[in-house]
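# Fold and contact review
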Amino acid sequence: MSVFMALPIVFIVNHAFKPFTELFAYPPTFFVNSPTLENFRLLFHFSAESGIPASRYVFNSLFTTTIVILLTLLVSSAAAYALSKLHFKGKYTFNKINTLALMFVPIAVAIPRFLIIKNLGIFNTYLAHIIPMLAMPIGIFLIKQFMDQIPDDLIEASKMDGAGNWRVYWNVMLPLVKPALVTVAILTFQASWGNVEGSSIFMDDESLRTLPFYMNTLVAQSGNIVAGAGLSAVAGLVMFVPNLILFVILQNKVMASMAHTGIK
């Protein structure tokens, strides 16, 4: 089963190193027979000819993705703590709203997001990449489910020792929900790293656009179907590798979030 699940990864890697003849071979081949770096050379060639180097797109993606992950973890965990352990008017209503928000796909709220970004005056800024990504209902839901399983007696004991809500949240709750935090971090990375909405809808300034948008436009820029296929294969590999590396590094925490309650 593991070998079967790994086949798409093997195909992505092999596909990026295929020469033109193998990219259009019929019947299609799964493994590369004559590996070449020509597709990667074409990628750097188009990057050199464009007015903005590919390194700028990489920086934009890394910068915005890092900020989004940090702020999403802070916002989601703080909201989850409030919805799980604090008592205030409207708590259950907010829980239901967050659950309902899980049903909405990004394209369904594209127009409201655009109007909000425009009215906030952050169009063509990094904030247009960051702020829309902070609303992550699945992150709040997942962390809240972990916090619900932490005994209230632990919180009461901390408060008896003089800890306030922020101290309980930071020093007691967060260490106990590390597996959930890591899982949310991976989900946030995948959503932000592969996001093209911000660059295509909220950006007119090419220098502020991200790597996924640039990769998606490579085929159109090439003007050549054959070269475009090679660039598309390389783009798929470049966008996939960071996700694989992050998951391999943090896989133990991810597995823990699926197998355990968050309390050890």
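Anything mentioned here points back to the structure above.
A brief structural summary. (Residues numbered from 1 in each chain as written. Predicted model: local features only at pLDDT ≥ 70, side-chain atom pairs only at ≥ 80, totals over all residues. Heavy atoms only, no water.)

### Describing unusual backbone geometry
Omega for the bond connecting Tyr-26 with Pro-27 falls within 30 degrees of zero, at 0°, which places this linkage in the cis form. Its place among the elements puts Pro-27 in the loop between helix 2 (20-23) and helix 3 (38-49). Phi is positive for Asn-124, which is not a glycine, with a value near 65°. A relative accessible area of 27% means that Asn-124 is categorised as partly exposed. (Helix = DSSP H or I, 4+ residues; strand = E, 2+ residues; numbered from the N terminus. Buried < 20%, exposed > 50% of the residue type's maximum accessible area, 1.4 Å probe, protein only.)

### Here's the deal with the nonpolar core
Residues Leu-43, Leu-211, Met-215, Leu-218 and Leu-231 are the most contacted members of the largest nonpolar core, which totals 20 residues. Mapped by element, the contributors of at least two residues to this core are helix 3, helix 4 (54-85), helix 11 (178-193), helix 13 (211-222) and helix 14 (225-259). Ranked by the residues each element gives to this core, the list is headed by helix 14, at five residues. (Core = buried A, V, L, I, M, F, W, Y, C linked by side-chain atoms within 4.5 Å.)

### Description of the packing of helix 9 (residues 152-160) against helix 10 (residues 165-176)
As a packed pair, helix 9 and helix 10 sit with axes 10 Å apart at the nearest point and diverge in direction by 135°. In this view, helix 9 runs oblique relative to helix 10, as classed from their interaxial angle. Helix 9 and helix 10 meet at a crossing whose hand is right-handed. Seen from helix 9, the contacting residues are Leu-154, Ile-155, Ser-158 and Lys-159; seen from helix 10, they are Asn-165, Val-168, Val-172, Met-173 and Leu-176. Considering only residue class, the contact of helix 9 with helix 10 consists of six nonpolar, two polar and one charged. (Axes fitted to C-alpha atoms, helices over the stretch in contact; angles between N-to-C directions. Parallel < 35°, antiparallel > 145°, perpendicular 65-115°, else oblique. Left-handed = near helix turned anticlockwise from the far one by under 90°. Contact = heavy atoms within 4.5 Å. Nonpolar A, V, L, I, M, F, W, Y, C, P; charged D, E, K, R; others polar.)

### A word on the packing of aromatic side chains
If you walk through the whole model with that rule in mind, you get twelve aromatic pairs. Aromatic side chains Phe-59 and Phe-63 sit 5.9 Å apart centroid to centroid with 15° between the ring planes, which places their arrangement in the stacked category. Note that Phe-59 and Phe-63 are positioned in helix 4 at a spacing of four residues, about one turn of the helix. Judged by centre distance (5.7 Å) and plane angle (10°), the rings of Phe-189 and Trp-193 are stacked. Taken together, the positions of Phe-189 and Trp-193, both in helix 11 and four residues apart, correspond to about one turn of that helix. Exposure class is identical for Phe-189 and Trp-193. Each is buried. Grouped by ring-pair contacts, the aromatic residues Tyr-81, Trp-166, Tyr-169 and Trp-170 constitute a single cluster. Between the NZ or CZ atom of Lys-91 and the centre of the ring of Tyr-92, over which it lies, the distance is 5.9 Å. (Phe/Tyr/Trp six-rings, centres within 6.5 Å; stacked < 30°, edge-to-face > 60°. Lys NZ or Arg CZ within 6 Å of the ring centre and 35° of its normal.)

### Topic: the pattern of salt bridges
This model, assessed by the stated rule, comprises five salt bridges. For Glu-38, the salt bridge is made with Arg-41, and the minimal N-O distance between the two is 2.6 Å. With Glu-38 and Arg-41 both in helix 3, this residue pair falls three residues apart, about one helical turn. Two residues, Lys-144 and Asp-148, come together in a salt bridge whose shortest N-O distance is 2.8 Å. A residue pair is termed a helical-turn pair when its members lie 3 or 4 positions apart in one helix, as Lys-144 and Asp-148 do in helix 8 (residues 137-148) at four residues. Assessed through its relative accessible area of 36%, Asp-148 is described here as partly exposed. (Salt bridge = Lys/Arg side-chain N within 4 Å of Asp/Glu carboxyl O.)

### Notes on the environment of Asp-148
Taking the C-alpha atoms as reference points, Asp-148 and Leu-83, separated by 65 residues in sequence, lie 9.2 Å from one another. If we skip the residues at most four places from it in the chain, Asp-148 touches Ser-84 and Lys-85. In this structure the side chain of Asp-148 is engaged in a polar contact, spanning 2.6 Å, whose partner is the side chain of Ser-84. (Polar contact = N/O pair within 3.5 Å; in protein donor to acceptor, adjacent residues only side chain to side chain.)

### Quick look at helix 10
Relative to the 16 Å expected for twelve residues at 1.5 Å per residue, helix 10 spans 15 Å between its end C-alpha atoms, a close match to the ideal helical length. Residues of helix 10 that are buried: Val-168, Tyr-169, Val-172, Met-173 and Leu-174. Buried residues along helix 10 sit in contact with helix 4, helix 8, helix 9 and helix 11. (Expected span 1.5 Å × (residues − 1).)

### Focus: a nonpolar patch on the surface
Taken together, the side chains of Met-1, Val-3, Phe-4, Met-5, Leu-7, Val-10, Phe-11, Phe-30 and Phe-31 make up a nonpolar region of the molecular surface, amounting to roughly 940 Å² of accessible area. Among the structural elements, Val-10 can be located in helix 1 (residues 2-16). Judged by relative accessible area, which is 30%, Val-10 ranks as partly exposed. (Patch = residues over 30% accessible without salt bridge, like charges linked within 9 Å, V, L, I, M, F, W, Y side chains within 5 Å. Areas by Shrake-Rupley, 256 points an atom, 1.4 Å probe, with all protein chains shown as cover.)

### Overview of the environment of Ser-207
Counting through the fold element by element, Ser-207 comes out in the loop between helix 12 (197-201) and helix 13. Assessed through its relative accessible area of 22%, Ser-207 is described here as partly exposed. Counting along the chain gives 61 residues from Ser-207 to Phe-146, while the straight-line C-alpha distance between them is 40 Å. Filtering out sequence-adjacent residues up to four positions away, Ser-207 remains in contact with Ile-52, Arg-56 and Asn-60.

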